[in-house]
Amino acid sequence: MRIGLDLGGTKVEAIALSDTGEELLRFRRSTPVGDYSATVNLVVAMVAEVETRAGAAASIGLGTPGSIDPVSGLMKNSNSTALNGRPLDRDLAAALGRDISMANDADCFTVSEGHDGGGAGAEVVFGVILGTGVGGGLVVNGRLVSGPNRVAGEWGHNPLPWMWPDEAPGPACYCGRQGCVETFLSGPGMAADHARRGGPPMSAAEIAAAAAAGEEAASVTMDRYHDRLARALSGVINIVDPHVIVLGGGVSNIESI
Ligand SMILES: [Zn+2]
């Protein structure tokens, strides 16, 4: 049996797969936001729950926002900022009493989509995560391109291109810059954009539902979102010209995106 865990900004999802790839069980828990120790404890508890319910020990793979810096061995670039600067892989291995495989969540997503998903059979696949954060991954000829700094595909912290005067310099980002793509195209980024234009506090899903129902302000927010997504991805296309771009993450489930 194999256990896969997706450590997201709002939820942690676990799946158990048999040796032949059949799904044995799957469940979610809420991420303890801003609490590193509680996050480690939750992952350990979820592994224990899977193994109890499935009745077998397993190898463990974990997808995370951000990545382990190859020089320091510490997490970096995670929009779940409580993980940054922490040796997450080593802390989990110590708590679980065994080694785990860990990789950037957008990289995991892109490898999966390139293998048997939306990018299956394509030479160059760019995977996009539009969720609590904005990430990306690059797969060429079925192999992940991660780069010496482990940041290949991280378009979420490029600046939004061709900003209009009323967009510049853009919202502050946890990375220390302003106007990163993530600050506009993440779910919280869309919600904040709607609020800045005078809209009531609404989640990205609520804004999309209101727009689909014909509500004017929500429709205009969605129009801005679509335009920004196209602008931001045009920079990716100019550099890597992928055969397929696959969208994933909660915001990508919105019909118009
Ligand atoms: Zn940033």
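Residues numbered from 1 in each chain as written. Predicted model: local features only at pLDDT ≥ 70, side-chain atom pairs only at ≥ 80, totals over all residues.

Asks: Hey, could you run me through the domain arrangement of the protein in this one?
Replies: The extent of an interface is frequently quoted as the accessible surface area lost upon association of the parts. In terms of domains, the protein is made up of domain 1 (2-99) and domain 2 (107-253). In this structure, domain 1 and domain 2 have C-alpha centres spaced 24 Å apart. Each partner contributes to the interface: domain 1 provides ten residues, whereas domain 2 provides ten residues. For the side of domain 1 that touches domain 2, the per-class residue count stands at two nonpolar, eight polar and no charged. (Domains from an automatic or database assignment. Contact = placed C-beta atoms within 7 Å. Nonpolar A, V, L, I, M, F, W, Y, C, P; charged D, E, K, R; others polar.)

Asks: Sorry, what's going on with the sheet that holds strand β10 (residues 143-144) here?
Replies: Through backbone hydrogen bonds, the strands of a sheet pair up, either in parallel or in antiparallel fashion. Pairing is mixed in the open sheet, where four strands are placed in the order β10-β9-β8-β11. On the outer flanks of this sheet lie β10 and β11 (244-248), each paired with one strand and no other. Where strand β8 (residues 124-130) and β11 come together, five bridges link them in parallel fashion. The residue of β11 that forms the bridge with Val-125 is Val-244. (Pairing = 2+ DSSP bridges. Helix = DSSP H or I, 4+ residues; strand = E, 2+ residues; numbered from the N terminus.)

Asks: I would appreciate a short explanation of the sheet that holds strand β2 (residues 11-17) in the present structure.
Replies: A sheet is described by the order of its strands in space; here five strands give the open sequence β3-β2-β1-β4-β7, paired in mixed fashion. The strands lining the two open edges of the sheet, one partner per strand, are β3 (23-30) and β7 (101-104). Averaged over all pairs of adjacent strands, the angle between strand axes in this sheet comes to 15°, irrespective of strand direction. Inspection of the sheet shows β2 paired to β3 by seven bridges, in the antiparallel sense. Looking at the pairing, Val-12 lines up with Arg-29 of β3. The strands touched by helix α1 (residues 36-54) within the sheet are β1 (2-7), β2, β3 and β4 (59-64), with β2 carrying the most contacts at an inclination of about 30°. Where helix α3 (residues 105-116) meets the sheet, it contacts β1, β4 and β7, and its direction lies at approximately 95° from that of β7. (Axes fitted to C-alpha atoms, helices over the stretch in contact; angles between N-to-C directions.)

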